[in-house]
Amino acid sequence: MEESKSLYLKVGNGLDKISKSLAQLSVFVMVMVVTIGVFMRYFMKSPLIWSDELAKYALVYMTFIGAPVALRSKGLAAMDLVVEKLPQNLKKVAQIIVYILEILLIGFLFYYSIDLLFQNSVKNQVSPGLQIPMSWVYFSLPFGIGLMLLQSIFLLIDELKGYKNNLGEIDI
C-alpha cells in the first residue's frame, strides 16, 4: 500500500516538474520572440512575419501545460465557501465528489480535444506565418488536458487514501 502511494506521488511529482519546465520554456520562448520581434520592427525596420504567431503559440502551450501545475498545487480558482462551512467529515466527502466531477469534466474535454486534433480541418491546416501544421498547435490541448486528468486522478487517490485512513477518527 505504501509502495503504491509513493509510486503515484513520484509520478505526479515527476509530471509536475516536467510541466513546470515546459511551461517555463514556453514563457522564455515567448519573451525572447517578442523581444526580438520588437527590436526587428522598431530598430531594424524589418519586422519578422512569424514572431507574433510563434509568441501566440508559446502562450497557448504555456497555458495548457501550466494548468496541471496549478491544478496540482490547488492554484486554480475554486468556490469553496460552502465547503469550508461544512463539518470536517463532510468536507472530505465533498472534496471527493468534487474530484470525481472534475475527472469526469476533464475526461470529457480530453476526449473531445483528441477528436478535434484528428479532424480534417485541423490536420490539413497550416499556420500562415510559420508554415507549420496546425495540429502541432492543437496538440497542446490533449497534452495539457491529459496531464490535468492524470493529476486529478492522483489528487483523488490521495484524498481517498486520506479519507480511508481518517475513517476511525471522524463520525460519518
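Residues numbered from 1 in each chain as written. Predicted model: local features only at pLDDT ≥ 70, side-chain atom pairs only at ≥ 80, totals over all residues. Heavy atoms only, no water.

Colleague: Just to check I follow, could you spell out helix 4 (residues 88–117) for this structure?
Modeller: In an α-helix, one turn spans 3.6 residues, which is why side chains three or four residues apart end up on the same side. The end-to-end C-alpha distance of helix 4 is 43 Å, a good match for the 44 Å that 30 residues give at a rise of 1.5 Å each. Those residues of helix 4 that fall on the buried side of the exposure criterion are N89, K92, A94, I96, Y99, E102, I103, I106, S113 and L117. (Helix = DSSP H or I, 4+ residues; strand = E, 2+ residues; numbered from the N terminus. Expected span 1.5 Å × (residues − 1). Buried < 20%, exposed > 50% of the residue type's maximum accessible area, 1.4 Å probe, protein only.)

Colleague: Help me understand the pattern of salt bridges, please; the structure alone is not making it clear to me.
Modeller: As a working rule, side chains carrying opposite charge can pair if their charged atoms are close by. All told, the structure shown has four salt bridges when counted by the stated rule. Taking the shortest distance from any N to any O, the salt bridge between E84 and K91 comes out at 3.7 Å. Relative accessible area serves as the criterion here: at 48%, E84 is assigned to the partly exposed category. Given a relative accessible area of 22%, K91 falls into the partly exposed group. Between E159 and K92 there is a salt bridge, and its shortest N-O distance comes to 4.0 Å. Taken together, the residues E159 in helix 7 (residues 140–166) and K92 in helix 4 connect sequence positions 67 residues apart. (Salt bridge = Lys/Arg side-chain N within 4 Å of Asp/Glu carboxyl O.)

Colleague: I would appreciate a short explanation of the packing of aromatic side chains in the present structure.
Modeller: For any pair of aromatic rings, the description consists of the separation of the ring centres together with the inter-plane angle of the planes. Overall, the coordinates contain five aromatic pairs when judged by the stated rule. On the basis of an interplanar angle of 35 degrees and a centroid distance of 5.6 Å, the ring pair of F39 and F43 is categorised as tilted. Put simply, the rings of F108, Y111 and Y112 touch in pairs and so form one group of aromatic residues. (Phe/Tyr/Trp six-rings, centres within 6.5 Å; stacked < 30°, edge-to-face > 60°.)

Colleague: Before we go on, may I ask you to explain unusual backbone geometry in this structure?
Modeller: Backbone geometry follows two general trends: most residues other than glycine have a negative phi, and most peptide bonds adopt the trans configuration. In the Ramachandran plot, K45 falls in the positive-phi region, its phi being about 55 degrees despite a non-glycine side chain. Classification of K45 as exposed rests on a relative accessible area of 66%. Its identity as a non-glycine residue notwithstanding, K74 has a phi of 60 degrees, on the positive side. Residue position: K74 is located in the loop between helix 2 (51–72) and helix 3 (81–85). Overall, the relative accessible area of 54% leaves K74 in the exposed class.

Colleague: Got a minute to help me understand the side chain of D16 in this structure?
Modeller: Within the element layout of this structure, D16 appears in helix 1 (residues 2–42). For D16, a relative accessible area of 12% gives the class buried. When sequence neighbours within four positions are dropped, the list of residues in contact with D16 reads P68, V69, R72 and Q151. (Contact = heavy atoms within 4.5 Å.)

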